[in-house]
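Below are the chains, spelled out letter by letter.
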Amino acid sequence: MSITKGYAVQEATSPLVPFNFERREVRPHDVQIEILYCGVCHSDIHQVRGEWGNSIYPMVPGHEIVGRVTAVGHHVKNFTVGDLAGVGCLVDSCQTCPSCQQGLEQFCDTGMVGTYNSLDKEGQITYGGYSTQIVVDEKFTLKVSDKLPLAGVAPLLCAGITTYSPLRYVGVKKGDKVAVLGLGGLGHMAVKFAVAFGAEVTMLSSSPSKKEDALKLGAHHFALTSDEATMNSLASSFDYILNTVSAQHDYNTYLNLLRVNGTMIIVGVPPAPTPVHAFPLIMKRRSIIGSLIGGIAETQEMLDFCAEHNIVSEVEVINMDYINEAYERMLKSDVRYRFVIDLASLK
Ligand code: NAP
Ligand code: ZN
């Protein structure tokens, strides 16, 4: 067992504080990674604060991990010591059910093992990337290019794949009109991918101060969601809306912005249910779908796409001991556009 330094919460109402714990020894198929950077996802806040009803404490959050391989098990084929590597939201799955066989490990019939806030196959709590090192089966370890700035790569492991995957699934292509709702960690990656896929992109935001940034990120248009006249003018205009909002809001208002056969893709996970009326759906045969991160093969495809197209997350690099303030700022929509922890600050 190796002692690892991390930051954890002990209960939903506590702040994150230093926490030492043990990682497993490297098994034949395992890769041990010294964590260099870990992104801060809004899902970390939801789970730390027990908002989804699935929290296991103590909890060491973090599922946007990049680092350097420090040891490999003797059956490991694809990684050697010194390689860059990434770990996203999942570290195991049954690998035999139909979903796993299709590369959709996130939908594993027996439940994927999350990088944190999960129990592994031995019944041990998994601890995430707000820590100095991690040990992961190589099947769930991603190859990371050395062409991109590493801090900007970390958020690709969740914010990146969560937005890339549904845009690919619905087949966004040149000329499609795509709206992205909510300009945070997921939202800014959604803009970059939708633009890269050739769409005409509109940013729908509740923050007037983000207009300039949205356009810099590549969005063609910006609309303030509180501006009733603008919202009315956008009725029935989009093929897709990628909804990344983390807090309670009215889905119906945004459904009305979709064209005939338009689709709203839900990736944001507000803690409480939201009523959906039948009318905005039936009037133009609109639909709502959801999407959860992405499988391992698609995550690798996304990382390779980003390396090829020079796509990274816009980040504010922080020290580990800034994490509680970072959460407060995210709750005020004050993040441009992803906090990333420099784990050198914890060593
Ligand atoms: P984030 O960086 O905090 O961004 C959320 C954005 O939502 C904010 O920047 C803000 O954008 C908007 N927003 C926040 N509060 C709002 C409110 N009261 N009304 C309207 N808009 C509001 O969060 P994130 O890390 O991108 O995560 C977003 C959501 O996706 C979270 O619920 C997270 O748990 C979920 N998530 C889902 C998956 C998945 O697999 N489906 C994966 C990762 C994360 P504006 O300032 O532009 O309005
Ligand atoms: Zn996440």
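Residues numbered from 1 in each chain as written. Chains lettered and ligands numbered in written order. Predicted model: local features only at pLDDT ≥ 70, side-chain atom pairs only at ≥ 80, totals over all residues. Heavy atoms only, no water.

Our focus in this paragraph is the packing of helix α4 (residues 159–170) against helix α5 (residues 185–196). Their axes nearest at 8 Å, the elements α4 and α5 cross at an angle of 45 degrees. When the axes of α4 and α5 are compared, the pair comes out oblique. Here α4 and α5 pass one another in a crossing that is right-handed. Two secondary-structure elements touch here, α4 through A159, G160, T162, T163, Y164 and L167 and α5 through G185, L186, M189, A190, F193 and A194. Broken down by class, the residue content of the contact of α4 with α5 amounts to eight nonpolar, four polar and no charged. (Axes fitted to C-alpha atoms, helices over the stretch in contact; angles between N-to-C directions. Helix = DSSP H or I, 4+ residues; strand = E, 2+ residues; numbered from the N terminus. Parallel < 35°, antiparallel > 145°, perpendicular 65-115°, else oblique. Left-handed = near helix turned anticlockwise from the far one by under 90°. Contact = heavy atoms within 4.5 Å. Nonpolar A, V, L, I, M, F, W, Y, C, P; charged D, E, K, R; others polar.)

Turning our eyes to something else, we now look at the coordination of the zinc ion (ligand 2). At 2.0 to 2.2 Å from the zinc ion (ligand 2) lie its protein donor atoms, namely C41 (SG), H63 (NE2) and C158 (SG). The sequence pattern describing where the donors of the zinc ion (ligand 2) fall on their chain is C-x21-H-x94-C. Remark: C158 occurs in the loop between α3 (150–153) and α4 and H63 occurs in the loop between α1 (42–48) and β4 (65–72); sequence separation between them is 95 residues. (Donors = N, O, S within 2.8 Å, 3.2 Å for Na, K, Ca; no water.)

Taken together, six strands build an open sheet; the order of strands is β12-β11-β10-β13-β14-β15 and the sheet is parallel. Each edge of the open sheet carries a strand with a single partner, namely β12 (221–224) and β15 (287–290). On average, each strand axis in the sheet is tilted by 20 degrees relative to the strand beside it, whichever way the strands run. Strand contacts of α4: β13 (238–243), β14 (258–266) and β15, with the helix running at about 155 degrees to β13, the strand carrying the most contacts. (Pairing = 2+ DSSP bridges.)

Within the secondary structure, Q300 is located in helix α10 (residues 296–309). On the basis of relative accessible area, Q300 is assigned to the buried category, the value being 17%. A distance of 2.8 Å separates the side chain of Q300 from the backbone nitrogen of K143, its partner in a polar contact. (Buried < 20%, exposed > 50% of the residue type's maximum accessible area, 1.4 Å probe, protein only. Polar contact = N/O pair within 3.5 Å; in protein donor to acceptor, adjacent residues only side chain to side chain.)

Now for the domain arrangement of the chain. By the assigned domains, the chain splits into domain 1 (2–158 + 294–346) and domain 2 (160–290). Computed from C-alpha coordinates alone, the two centres of domain 1 and domain 2 are separated by 27 Å. Domain 1 puts 23 residues into the contact, and the matching count from domain 2 is 24 residues. When domain 1 packs against domain 2, close to 2100 Å² is buried across both sides, 59% of that on carbon and sulfur atoms. For domain 1, the biggest contributors to the area lost against domain 2 are F305, R336 and Y337; these three give 29% of the whole. If you look at where domain 1 meets domain 2, you find two salt bridges. The residue R336 makes a salt bridge to D213 at a minimum N-O spacing of 2.9 Å. Where domain 1 meets domain 2, there are 19 residue pairs in polar contact (both at pLDDT 80 or more). Secondary structure elements with two or more residues in the side of domain 1 that touches domain 2: α1 and α10. Broken down by element, the residue count for the side of domain 1 that touches domain 2 peaks at six residues, all from α10. Tallied by class, residues from the side of domain 1 that touches domain 2 come to 11 nonpolar, six polar and six charged. (Domains from an automatic or database assignment. Buried area = accessible area lost by both parts, 1.4 Å probe. Salt bridge = Lys/Arg side-chain N within 4 Å of Asp/Glu carboxyl O.)

Looking now at the nonpolar core. Within the largest apolar cluster, 93 residues are counted, with the highest numbers of intra-cluster contacts made by Y130, F193 and I323. Residue assignment places this core across two domains, with domain 1 (2–158 + 294–346) and domain 2 (160–290) each supplying three or more. Setting aside residues up to four positions removed in sequence, F193 forms contacts with G160, T163, Y164, L167, M302, F305, C306 and I311. Y251, Y254, L258 and M264 belong to the second-largest nonpolar core, a separate cluster that totals 16 residues. (Core = buried A, V, L, I, M, F, W, Y, C linked by side-chain atoms within 4.5 Å.)

This part covers α10. Taking 1.5 Å of rise per residue, 14 residues should cover 20 Å, and α10 covers 20 Å from first to last C-alpha, within 8% of that figure. Its buried side turned inward, α10 meets β6 (90–92), β9 (142–143), α3, α4 and α5. Two residues or fewer after α10 comes N310, characterised by a positive phi angle close to 60 degrees. (Expected span 1.5 Å × (residues − 1).)

We now examine the environment of R329. By the secondary structure assignment, R329 is in helix α11 (residues 323–331). R329 gets classed as buried once you look at its relative accessible area, which sits at 19%. Each C-alpha atom, one on R329 and one on F339, is 9.9 Å from the other, the two residues being 10 residues apart in sequence. Not counting chain neighbours up to four residues away, the residues in contact with R329 comprise E316, Y322, D334 and F339.

Per the stated rule, a full pass over the model turns up 14 salt bridges. For E34, the salt bridge goes to K347, with nearest N and O atoms at 3.0 Å. Within this pair, whereas E34 is found in strand β3 (residues 30–39), its partner K347 is found in the segment after β17 (338–342), the two being separated by 313 residues in sequence. Classification of E34 as partly exposed rests on a relative accessible area of 29%. With relative accessibility at 46%, the residue K347 sits in the partly exposed group. Put simply, E316, R329 and D334 are held in one network by salt bridges that share partners.

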